[in-house]
Amino acid sequence: MDDSKQCSSPERSEDPSLVSEDGKNVKAVLCQRCGSKVLCPGMAVFAEKELFLPSMKKKTSIVQSEGTLDGDTLTAHWLVDDMYTFENVGFTKDVGKVKYLICADCEIGPIGWHCLDDKKSFYVALDRVNHE
């Protein structure tokens with residue numbers, strides 16, 4: 001299907017201590033708010049892809065107001081190819097062709113992004129999670 005290479009070398013990560021030589025996460029990925037485990041070590045691959053994520057809010061607050069949406073364009077992500085790889089993640093309702101990833105325990109988010117057109121790409125922004 002999509003043969004474009006989305007993963008990049010670990011050297012381009014902002015914090016090389018988070019990425020193993022084979023490009024996977026060395027540490028567990030945790031929710032910044034409640035500390036709930038989102039991903040176990042070695043379960044995701046570092047990827048650079050420019051994605052817009054709305055500002056971090058409780059799930060019920062992620063709504064578009066007057067055509068504008070506050071948020072950030074982030075490029076450093078953990079890429080997971082199966083939704084069942086996650087330890088603890090929830091999804092928002094569809095926003096166009098996108099579902100945002102949130103913490104399933106405290107519902108803070110979005111911590112990541114999933115396009116409904118691509119069933120095997122779930123992105124978690126490194127800036128939206130903690131590592132331990």
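Remember, it's a predicted structure, so these values are computed and weren't measured experimentally.

### Comments concerning the packing of aromatic side chains
Logical step 1: Enumeration according to the criterion identifies 4 aromatic pairs in this entry.
Logical step 2: Arranged with centres 6.2 Å apart and planes meeting at 80°, the rings of Phe-46 and Trp-78 form a pair that is edge-to-face. Of the two residues, Phe-46 is situated in strand S3 (residues 45–54) and Trp-78 in strand S5 (residues 71–80); the sequence distance between them amounts to 32 residues.
Logical step 3: Overall, the relative accessible area of 0% leaves Phe-46 in the buried class.

### Comments concerning the pattern of salt bridges
Logical step 1: With the rule as written, the count across this model stands at 3 salt bridges.
Logical step 2: Residues Asp-72 and Arg-128 are paired through a salt bridge, measuring 3.1 Å at the closest nitrogen-oxygen approach. Of this pair, Asp-72 sits in strand S5 while Arg-128 sits in the loop between strand S10 (122–125) and strand S11 (129–131), and the two are 56 residues apart along the sequence.
Logical step 3: For Asp-72, a relative accessible area of 36% translates into the label partly exposed.
Logical step 4: The partner of Lys-97 in a salt bridge is Asp-117, and the shortest N-O contact between them spans 3.5 Å. Here the residue Lys-97 occupies a position in the loop between strand S6 (90–91) and strand S7 (98–102), and Asp-117 occupies one in the loop between strand S9 (112–115) and S10, the gap between them amounting to 20 residues.
Logical step 5: Asp-117 sits in the exposed class, given a relative accessible area of 56%.

### Some points on the sheet that holds S9
Logical step 1: Sheet architecture is open: 6 strands sit in the order S3-S5-S10-S9-S7-S6, paired in antiparallel fashion. The sheet is open, and its two borders are formed by S3 and S6, each paired with just one other strand.

### Quick word on unusual backbone geometry
Excluding glycine, residues mostly have negative phi values, and the peptide bonds linking residues are mostly trans.
Logical step 1: At the junction of Gly-109 and Pro-110, the peptide bond is cis and its omega measures out at 5° in the coordinates.
Logical step 2: Take Pro-110: it is sitting in the loop between strand S8 (108–109) and S9.
Logical step 3: Unlike most non-glycine residues, Glu-107 shows phi in positive territory, near 65°.

### Considering the pairing of S9
Logical step 1: Residues of S9 alternate between two faces, with Gly-112 and His-114 on one and Trp-113 and Cys-115 on the opposite face, all of them buried.
Logical step 2: With 4 bridges joining them, S7 and S9 adopt antiparallel strand pairing. Its bridge partner lying in S9, Lys-99 is registered against His-114.
Logical step 3: In this sheet, S10 lies alongside S9 in antiparallel orientation, the contact comprising 3 bridges. Note on S10: the bridge partner recorded for His-114 is Phe-122.
Logical step 4: What sits between S9 and S10 in their antiparallel hairpin is a turn of 6 residues.

About the thresholds
Residues numbered from 1 in each chain as written. Predicted model: local features only at pLDDT ≥ 70, side-chain atom pairs only at ≥ 80, totals over all residues. Heavy atoms only, no water. Phe/Tyr/Trp six-rings, centres within 6.5 Å; stacked < 30°, edge-to-face > 60°. Helix = DSSP H or I, 4+ residues; strand = E, 2+ residues; numbered from the N terminus. Buried < 20%, exposed > 50% of the residue type's maximum accessible area, 1.4 Å probe, protein only. Salt bridge = Lys/Arg side-chain N within 4 Å of Asp/Glu carboxyl O. Pairing = 2+ DSSP bridges.

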